[in-house]
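In case you want the letters, here they are:
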Amino acid sequence: MQLTAPDQPIRYNLGMLRLMCVTAHPDDEAGGFGGTLLKYRSAGVETSVVCLTPGQAATHRGGAKSDYELAEMRKKEFAAACQILKVSRPVILDYPDGQLYLQNVNRVVYALALEIRKFRPHVLMTFGADGGVTGHPDHGMAGVFASLAFQWAGRNNRYADQFNGDIKPYRTQKLYYGTADFVIPGRQPITLAPQTTAIEMKEHFETKVAAFKAHTSQAPLFPLFEENVRNRSERELFHLVASVQGGPVRPETDLFEGVEED
Ligand SMILES: [Zn+2]
């Protein structure tokens, strides 16, 4: 799909609206979604990142002597990156890095449905089953789990044991997958979702890079990261997967287009 020039500039102020991002590893929030998280936070939207693993299986280990040490190090890096991205509610869960495809679906979706019911996001963004430009299987699984949680959090017959005075069924209005208009050469094939939505984020680009670099244990990745994002500093791209409004897809420049405050 060819994206048209922005016809609907982002609305200011978007206070009272909430945006959630479900990721797999510390650094995904910055690398995949950092510009968008910053842009909406700057417009008054509350943001939450839910990261499923502390990244303990990473190739680059920052001198850590064990998976536990690396997990602890990366939790701190995640907190620092989320501070730079001004994330209102960072959450890091403890599923095993590299093994999301082996986890019990019901257990992970239960945890994510609870996060959705607590934070009550109007919009949820995550990866598609493609796994984003890196194609990482954990990214794809994060998207699968988050997609089910998006659907089920709004139903009163799913995980009803979670309901109490504050926790109720909650229906998020839109679901997006991060996508891209490029692939990294020399990797396994990735079939990306078509772009429906382009978020301009040029003014937040350097802060996005700074947030990525808060993941200091991953420093050997910085040159590749910069090479991939430097000439794509203007926009982050998304695929609209589901919307309570339904109807045909048309190009968007705002994740909150058509969203109603509750
Ligand atoms: Zn990742």
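One can find the structure itself at the top, above this paragraph.
The structure displayed is predicted, hence computed values, not measured ones.

Asks: I tried to follow helix α2 (residues 67-84) on my own but got confused; where do I start?
Replies: Every α-helix carries 3.6 residues per turn, so stepping three or four residues along brings you back to the same face. For α2, which comprises 18 residues, the first-to-last C-alpha distance of 25 Å matches the rise-based estimate of 26 Å (1.5 Å per residue) to within 8%. Looking one or two residues past α2, K86 carries a phi angle of roughly 60°, positive in sign.

Asks: Is there a simple way to think about the sheet that holds strand β6 (residues 197-200) in this case?
Replies: Backbone hydrogen bonds are what pair the strands of a sheet, in a parallel or an antiparallel way. The sheet built from seven strands is open, its strands ordered β3-β2-β1-β4-β5-β7-β6 with mixed pairing. Both outer strands of the open sheet, β3 (89-92) and β6, are each paired with one neighbouring strand and no more. Across the sheet, the axes of successive neighbouring strands diverge by a mean angle of 25°, strand direction being ignored. Bridge count between β6 and strand β7 (residues 235-243): four bridges; the pairing is antiparallel. Residue pairing in the sheet places T197 in a bridge with F238 of β7.

Asks: Looking at this structure, how should I read the packing of aromatic side chains?
Replies: The relative placement of two aromatic rings is captured by the distance of their centres and the angle of their planes. Scanning all chains against the criterion turns up eight aromatic pairs. Ring centres of Y40 and F256 lie 5.1 Å apart, and the angle between their planes is 50°; this geometry places the pair in the tilted category. Of this pair, Y40 sits in helix α1 (residues 28-42) while F256 is found in the segment after β7, placing the two residues 216 residues apart along the sequence. Here the two residues Y40 and F256 agree in accessibility, since each one is buried. Arranged with centres 6.2 Å apart and planes meeting at 75°, the rings of Y176 and F238 form a pair that is edge-to-face. Here the residue Y176 occupies a position in strand β5 (residues 174-179), and F238 occupies one in strand β7, the gap between them amounting to 62 residues. Both residues of the pair, Y176 and F238, count as buried. Connected via pairs of aromatic rings, a cluster forms that spans F33, F127, Y176 and F238. When the ring centre of Y159 is taken as reference, the NZ or CZ atom of R158 above it lies at 5.6 Å.

Asks: I would appreciate a short explanation of the coordination of the zinc ion in the present structure.
Replies: Six octahedral donors around a metal ideally sit at 90 or 180 degrees from one another, while four tetrahedral donors ideally sit at 109.5 degrees. Bound to the zinc ion are the protein donor atoms H25 (ND1), D28 (OD) and H139 (NE2), situated 2.0 to 2.1 Å from the metal. Here the donor residues of the zinc ion are spaced in sequence according to H-x2-D-x110-H. Pair noted here: H25 is in the loop between β1 (18-23) and α1 and H139 is in helix α4 (residues 137-152), with a separation of 114 residues, a long-range link. For the pair H25 and H139, one class covers both residues: buried.

Asks: Please clarify how the side chain of D97 should be interpreted in this entry.
Replies: Mapped onto the secondary structure, D97 falls in the loop between β3 and α3 (105-119). Among buried charged residues, D97 stands out as having no salt bridge; its nearest opposite-charge side chain is R74, 4.6 Å away. At 3.1 Å, the side chain of D97 and the side chain of H25 are in polar contact. At 2.7 Å, the side chain of D97 and the backbone nitrogen of A57 are in polar contact. Each residue touching D97, except ones within four places of it in the same chain, is listed here: H25, T53, G55, Q56, A57, A58 and D138.

Asks: Hey, could you run me through the environment of D94 in this one?
Replies: You can see D94 is positioned in the loop between β3 and α3. Once the C-alpha coordinates of D94 and D67 are considered, the two residues, 27 residues apart in sequence, prove to be 12 Å apart. When residues no more than four places from it in sequence are discounted, the contact partners of D94 are L52, P54 and K75.

Asks: Any chance you could explain the nonpolar core here in plain terms?
Replies: Taken as a class, soluble globular proteins show a tendency for nonpolar side chains to be buried jointly. With 37 residues, the main nonpolar core has L19, L37, Y40, M125, L255 and F256 as its most contacted residues. Broken down by element, the residue count for this core peaks at five residues, all from α1. A24, L124, F150 and A242 belong to the second largest nonpolar core, which has 30 residues in total.

The rules behind each value
Residues numbered from 1 in each chain as written. Predicted model: local features only at pLDDT ≥ 70, side-chain atom pairs only at ≥ 80, totals over all residues. Heavy atoms only, no water. Helix = DSSP H or I, 4+ residues; strand = E, 2+ residues; numbered from the N terminus. Expected span 1.5 Å × (residues − 1). Pairing = 2+ DSSP bridges. Axes fitted to C-alpha atoms, helices over the stretch in contact; angles between N-to-C directions. Phe/Tyr/Trp six-rings, centres within 6.5 Å; stacked < 30°, edge-to-face > 60°. Buried < 20%, exposed > 50% of the residue type's maximum accessible area, 1.4 Å probe, protein only. Lys NZ or Arg CZ within 6 Å of the ring centre and 35° of its normal. Donors = N, O, S within 2.8 Å, 3.2 Å for Na, K, Ca; no water. Lys, Arg positive; Asp, Glu negative; His and termini not counted. Salt bridge = Lys/Arg side-chain N within 4 Å of Asp/Glu carboxyl O. Polar contact = N/O pair within 3.5 Å; in protein donor to acceptor, adjacent residues only side chain to side chain. Contact = heavy atoms within 4.5 Å. Core = buried A, V, L, I, M, F, W, Y, C linked by side-chain atoms within 4.5 Å.

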